[in-house]
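Now for the letters of each chain:
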Amino acid sequence: MTDVTGVPVDPADVLQTLFRSERGGHEQVVLCQDRATGLKAVIALHSTALGPALGGTRFHPYATEAEAVADALNLARGMSYKNALAGLDHGGGKAVIIGDPEQIKTEELLLAYGRFVASLGGRYVTACDVGTYVADMDVVARENEWTTGRSPENGGAGDSSVLTAFGVFQGMRASAQFLWGDPTLRGRRIGVAGVGKVGHHLVGHLLEDGAEVYVTDVREESVRRITDRHPEVKAVADTDALIRVEGLDVYAPCALGGALNDDTVPVLSAKIVCGAANNQLAHLGVEKDLEERGILYAPDYVVNAGGVIQVADELHGFDFERCRAKAAKIFDTTLSIFARAKEDGIPPAAAADRIAEQRMAEARRG
């Protein structure tokens, strides 16, 4: 496991992870436990320089509590950068609930979690993430007014994966524009790893644009949902097979993080990486490995910001078309990052970090 700086660290040494200042500097971490419902959760606030921290709630069966803390820290930091580059007046935060949602998720547990979020008094605004859904946010909102991603029936915006996929598609179009001089994926071979909440919407955009699509997912039913609806989509056994598909133009990691690592990057056949998954770079240095191989990387927290744009808008009276227009600007933001990277002679991931850090620093000075 690595800490927020990408440095290998003993999972038990979470205090080192928390207080490491180089790229850590989290403002607050709350450990939550409710014995009656079995709730164990971590809420991490990385920054509130731009406004209340905004980020989803992940429900996942972590092997250890230390791994859950480390994931919350990484994800919260990523949300600070994502929200900054999306132009939102929000800092970054994230929560993780420890356990298998298929086994322990109950209404009582979600209500207990909502009370913990509410105890932060608006410093953290939560939403959906892996393992949590609109219906879950409706329950959390009964105890916590700072909840987004609710159903339209309960005053919310509904499923944020729709605009997340749209934003990733815009980032992919910008990548094609930068590398090939044409903002279309028509005739390109695209590999999508993970076709769940976001990935299956992304496949739809790609097919409409005329791309040739390959997919894989650990859940067989997710792949079958795609291939039953779109017989022209080709399924492969696993991610290892996907990244080796001959003639692959774009690789889109859309599942959990760490997809770009010392094992996958050397054998990756694609010329572009642009996907919805958070924290795709397994550690610092991977972005340089991609660059050395001539692979253009569209920073994950830039292109997958459509969902957070949607849930942030919910706080001000949700308007889908307004959100879609904001998410469409991910195309321009991605191009500007590629231009900054070229100008500064650095990888796109580093360029994106610089732009986000500049906005947060200016907000602190203000």
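Residues numbered from 1 in each chain as written. Predicted model: local features only at pLDDT ≥ 70, side-chain atom pairs only at ≥ 80, totals over all residues. Heavy atoms only, no water.

(A) The arrangement of the side chain of asparagine 278 in detail. Structurally, asparagine 278 can be placed in the loop between strand S11 (272–273) and helix H10 (286–292). Of note is the side chain of asparagine 278, whose polar atom sits 3.0 Å from the side chain of asparagine 304. Discounting chain neighbours no more than four positions away, the residues touching asparagine 278 are Arg58, Leu75, Lys82, Lys94, Asp129, Leu256, Gly257, Asp300 and Asn304. (Helix = DSSP H or I, 4+ residues; strand = E, 2+ residues; numbered from the N terminus. Polar contact = N/O pair within 3.5 Å; in protein donor to acceptor, adjacent residues only side chain to side chain. Contact = heavy atoms within 4.5 Å.)

(B) Seen up close, the sheet that holds strand S10 (residues 250–253). Taken in spatial order, the six strands line up as S9-S8-S7-S10-S11-S12 in an open sheet, and their pairing is parallel. Pairing within the sheet leaves two strands with one partner each, and these edge strands are strand S9 (234–235) and strand S12 (296–297). Where S10 and S11 come together, two bridges link them in parallel fashion. When the sheet's bridge partners are listed, valine 250 is paired in S11 with isoleucine 272. Contacts between helix H7 (residues 199–208) and the sheet are confined to strand S7 (189–193), strand S8 (212–216) and S10, with S7 contributing the most and set at about 170 degrees to the helix. (Pairing = 2+ DSSP bridges. Axes fitted to C-alpha atoms, helices over the stretch in contact; angles between N-to-C directions.)

(C) Main features of the pairing of strand S5 (residues 91–98). The buried fraction of S5 amounts to eight of the eight residues, a majority that puts the element mostly inside the structure. Here S5 shows two buried faces, one formed by Gly91, Gly93, Ala95 and Ile97 and the other by Gly92, Lys94, Val96 and Ile98. Two elements, strand S2 (residues 39–47) and S5, share six bridges in a ladder whose sense is antiparallel. Paired with alanine 41 across the strands is isoleucine 97, a residue of S5. Taken together, the two bridges between strand S3 (residues 53–54) and S5 define a ladder with parallel strand orientation. Within S5, the position partnered with alanine 53 by the bridge is glycine 91. Summarising the sheet, strand S4 (residues 57–60) and S5 pair through four bridges and their orientation is parallel. Bridge pairing links threonine 57 to alanine 95 in S5. Crossover S4 to S5 through helix H2 (residues 65–85) is right-handed. (Buried < 20%, exposed > 50% of the residue type's maximum accessible area, 1.4 Å probe, protein only. Right-handed = clockwise from strand over helix to strand, strands pointing away.)

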